[in-house]
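# Chain and residue survey
So you can see what is in the structure, the chains are spelled out below.
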2 protein chains.
Amino acid sequence: MNKFMYALTAALCFGAISANAQVKEDFVPSPNNQSGKQYPMVNSERRVRVKINAPDAKSVKLDIGSKKYDLVKGEDGQWTGTSDPQDEGFHYYQINIDGADVPDPSTMYYYGCSRWGSGIDVPAADQDFYQLKDVPQGEIREIYYWSDYNKAMRHCYVYTPAGYDIDKDKRYPVLYLQHGGGESEHGWAQQGKTGIILDNLIAEGKALPFIVVMDNGTWMSFKRADGSSLAMGPRRPGQGGGMNLPEDWTEGFRNTLIQDIVPMIDNRFRTIADKDHRALAGLSMGAMETKEIGLRRPDVFGSLGIFSGGTISAEEAAAAPGFMKNNNLTFVSYGSREIEGGRQGGDPKQITDGLAATGCNAHYYVSDQTAHEWQSWRRSLYQFAQLLWK
Amino acid sequence: MNKFMYALTAALCFGAISANAQVKEDFVPSPNNQSGKQYPMVNSERRVRVKINAPDAKSVKLDIGSKKYDLVKGEDGQWTGTSDPQDEGFHYYQINIDGADVPDPSTMYYYGCSRWGSGIDVPAADQDFYQLKDVPQGEIREIYYWSDYNKAMRHCYVYTPAGYDIDKDKRYPVLYLQHGGGESEHGWAQQGKTGIILDNLIAEGKALPFIVVMDNGTWMSFKRADGSSLAMGPRRPGQGGGMNLPEDWTEGFRNTLIQDIVPMIDNRFRTIADKDHRALAGLSMGAMETKEIGLRRPDVFGSLGIFSGGTISAEEAAAAPGFMKNNNLTFVSYGSREIEGGRQGGDPKQITDGLAATGCNAHYYVSDQTAHEWQSWRRSLYQFAQLLWK
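Residues numbered from 1 in each chain as written. Chains lettered and ligands numbered in written order. Predicted model: local features only at pLDDT ≥ 70, side-chain atom pairs only at ≥ 80, totals over all residues. Heavy atoms only, no water.

## Side note on the side chain of Thr218(B)
All names here are of chain B. Selection rule: In this description a helix means any DSSP run of H or I spanning at least four residues, a strand means any run of E spanning at least two, and both kinds are numbered starting from the N terminus. Remark: exposure states derive from per-residue accessible area (1.4 Å probe, protein chains only) relative to the maximum for the residue type, with buried under 20%, exposed over 50%, and partly exposed in between. Here, residues are in contact when the closest pair of their heavy atoms is within 4.5 Å.
With respect to the secondary-structure elements, Thr 218 resides in the loop between β15 (211-214) and β16 (235-236). On the basis of relative accessibility, which here comes to 18%, the residue Thr 218 falls in the buried class. If we ignore the near neighbours within four places in the chain, the residues touching Thr 218 are His 179, Glu 183 and Met 285.

Structural data, given as structure tokens:
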């Protein structure tokens, strides 16, 4: 193929990706690229462009946002292609080479979709809140600990705010912050940008300093107290946002959290070890866990953050022993694209407002123009952190 | 291809990998696999077996230990193949699919060979010293900090030993521990297993507790003090283990380390901030940096660890102002396969013994049956840590 033909083919292909769309050629390297890598790139229209060296391949595709885009091979053996505009924020993606789903070898890797794979951050109008800045810096600490409930060593991340090691007598509240299904304790520490979001908020005086614990809450990986498997248990149809979940599906994670993780953290860190200074929050599956555990144990977790995974109704709150007396804050959020056209079980804003009307300190937030994805959850953390412990 | 033909082809192929070798079928999943993944596997002969789904590919290869192995396609579209026996310990590797070099989608990822890519740990007779155990656990802390020399935020990991947050007045010595070329600050924190090695050594009373700082020392990424680029400078032929390096190639990293990193650490952590309680060590490129910086600034770093990157002769020590007076420990190590057949510039054991003969506390260690690879460096850290601050 000569250069003219290649340019023509490429133009036709890129043009064909989004009908009648002229792609704006202002692409810049993604911030998630490995050191020195030019591709993948993003442009101001929030399109993703990848470039992969696969000289002998018959077919190479970009798989992002539940859509596969055929790439076009250049004379140099490099395959290139451009996606439709993506939502602002972080997206998992992969490359398919002759039928093999693999990470793009040019990006850093993130755990999601039950795999370590490629990620890309599309510029966002409000991205300043999760940009690394020269403000007083906290730390994210990697810790292994013994879990007696699981009879195994486990792994978590703990964010400590700036100054934790300076004033050695000061004690802090703690937020337990959970990931979604197919994710892990790495999610909030990496693509969630928890450390940067909190460092910036605390530096601006918008949030009080607190500790954040990020552990793995994959419910089916835990056993029940009687030793039986949660993964194998009978499922109830249609529970928990349409998912079929077993009866009391949070039992294993809840026992691990309350019997092992919370005491380990209270022992190891200078916490204020009471329910008024302990919050539980999560996204998607982690939000559903927050609701289930929060309703059962308001004596342990006084504040709740439910991101993209349900809400708590006035009726549920009233039926949960001790909830109305103990709960200090219930924060509910969704990405705007998640609630377009309504949701099964009713409008979450209306339900949350109903809870607030009973005297509960309940808040509702919608992330504009985002879906069930990390930009919704970064924004939810940003909002929730400003309400906590106040 | 029917099942008989497939079995025959596979048998021929696996058999052909290592002439006349019968592969022992006791493969188990690699400890570096992503959660739930069965492949890659390793067997008791230290062979690596991979399995990749690539139904439409023409050719798939396993690229490990500087050798490419053709994989064989099964009826299910999965490609499988087995390597020759590898050295004990950790190895980087990749998969080649129709000409595309990509990570194996089943492993966790490690930074080396100037990329994030696949890694595999081959069982080792002495692996107990880097196995996670239920002993008092330190932490590995992720920190961003402002570097005035580089006018940029930088990233490092800091290991703090178990009990750091309990006795809040105790102060600790500090080891600055450097990676090799094409690696980064992630190396010692991940595949180096620094935290586990030190937790185990300290728990057994074999090492005194100390802090370890792991930062990025990629020399060509730094500028000289006058603002000029180190990457672009003229190279001297044959310096530094055969590499062509510019004059005073450690200038940028050395200034960053001494002007920014050491004061940041001494400010942020409860260190004993003097040269008698400060060590510098590294592997390969990091070893060469340790030698260069250690000879120039014995007033800053009283102990040195040089792993697979040279040694210090009696003549070099005598010519370095203040070295003989200030140096408390010089540790030199190699993998046994690195020194087979001798080395340019002389036998490192003989040279190190020569340094010891002048009264310097110099030690020499050889890692048995390993090459220029992480098993040599894990063992070197294990040995070096037991000599430090004693």
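There's plenty left to go through after this.
## Here we look at the pattern of salt bridges
Residues and elements named next belong to chain B. We count it as follows: Put simply, a salt bridge is a Lys or Arg side-chain nitrogen that is within 4 Å of an Asp or Glu carboxyl oxygen.
Following the criterion strictly, the structure yields 52 salt bridges over all chains and no others. Salt-bridge contacts for Arg 337 lead to Asp 87; the nearest nitrogen and oxygen are separated by 2.6 Å. On the criterion of sequence distance, the pair formed by Arg 337 in helix α8 (residues 336-339) and Asp 87 in the loop between β7 (78-82) and β8 (89-97) is long-range, its members being 250 residues apart. Judged by its relative accessible area of 31%, Arg 337 falls in the partly exposed class. The salt bridge involving Asp 121 is made with Arg 378; its shortest N-O contact spans 2.9 Å. In this pair, Asp 121 sits in strand β11 (residues 115-122) while Arg 378 sits in helix α10 (residues 374-387), placing the two residues 257 residues apart along the sequence.

## Topic: the relation of the copies chain A and chain B
Formally: When the copies are superposed, the least-squares fit draws on C-alpha atoms of residues that have pLDDT of at least 70 in both.
Superposition of chain A onto chain B requires a rotation of 180 degrees combined with a translation of 0.0 Å along the rotation axis, giving an RMSD of 0.0 Å. A rotation of that kind, with that shift, is consistent with a two-fold axis. Minimal C-alpha distance to the rotation axis in chain A is attained by Arg141(A), lying at 2.1 Å. A symmetric contact is evident, with 100% of the interface residues of chain A recurring at the interface of chain B.

## Focus on the interface of chain A and chain B
Test applied: Pairing between two strands requires that DSSP report at least two bridges joining them.
Contacts between chain A and chain B engage 41 residues on the former and 42 residues on the latter. Notably, a salt bridge pairs Glu139(A) with Arg141(B), separated by 2.9 Å at the nearest N-O pair. When contributions to the side of chain A that touches chain B are tallied by element, the ones reaching two or more residues are β9 (100-102), β10 (109-112), β11 (115-122) and β12 (139-147) of chain A. Among the elements that make up the side of chain A that touches chain B, the one with the highest residue count is β12(A) (seven residues). Summarising the sheet, β12(A) and strand β12 (residues 139-147) of chain B pair through three bridges and their orientation is antiparallel. The residue bridging Glu142(A) from the neighbouring strand is Ile140(B), located in β12(B).

## Section: the environment of Thr311(B)
All names here are of chain B. Our working definition: Between N or O atoms, a polar contact is any pair within 3.5 Å; within protein, one atom must be a potential hydrogen donor and the other a potential acceptor, and residues adjacent in sequence are included only when both atoms are from side chains.
With respect to the helices, strands and loops of the structure, Thr 311 is situated in the loop between β19 (303-307) and α6 (314-319). Discounting residues that sit within four places of it in the chain, Thr 311 has contacts with Lys 291, Ile 306, Glu 316, Val 332, Pro 348, Ile 351 and Thr 352. A distance of 2.8 Å separates polar atoms of two side chains, one belonging to Thr 311 and the other to Thr 352.

## Structural notes on the packing of aromatic side chains
Test applied: The aromatic pairing rule takes the rings of Phe, Tyr and Trp, using the six-membered ring of Trp, and pairs them if the centres are within 6.5 Å, calling planes under 30 degrees apart stacked, those over 60 edge-to-face and the rest tilted.
Going through the model one piece at a time under the given rule, you end up with 37 aromatic pairs over all chains. Ring plane angle 85 degrees and centroid distance 4.9 Å describe the contact between Phe129(A) and Tyr130(A), whose orientation is recorded as edge-to-face. As far as burial versus exposure is concerned, Phe129(A) and Tyr130(A) are alike and both buried. The interplanar angle of 75 degrees and the centroid separation of 5.9 Å between the aromatic rings of Trp219(B) and Trp249(B) together place this pair among those described as edge-to-face. With Trp219(B) in the loop between β15 and β16 and Trp249(B) in the loop between β17 (245-246) and α4 (251-268), this residue pair connects regions lying 30 residues apart in the sequence. Assessed through its relative accessible area of 2%, Trp219(B) is described here as buried.

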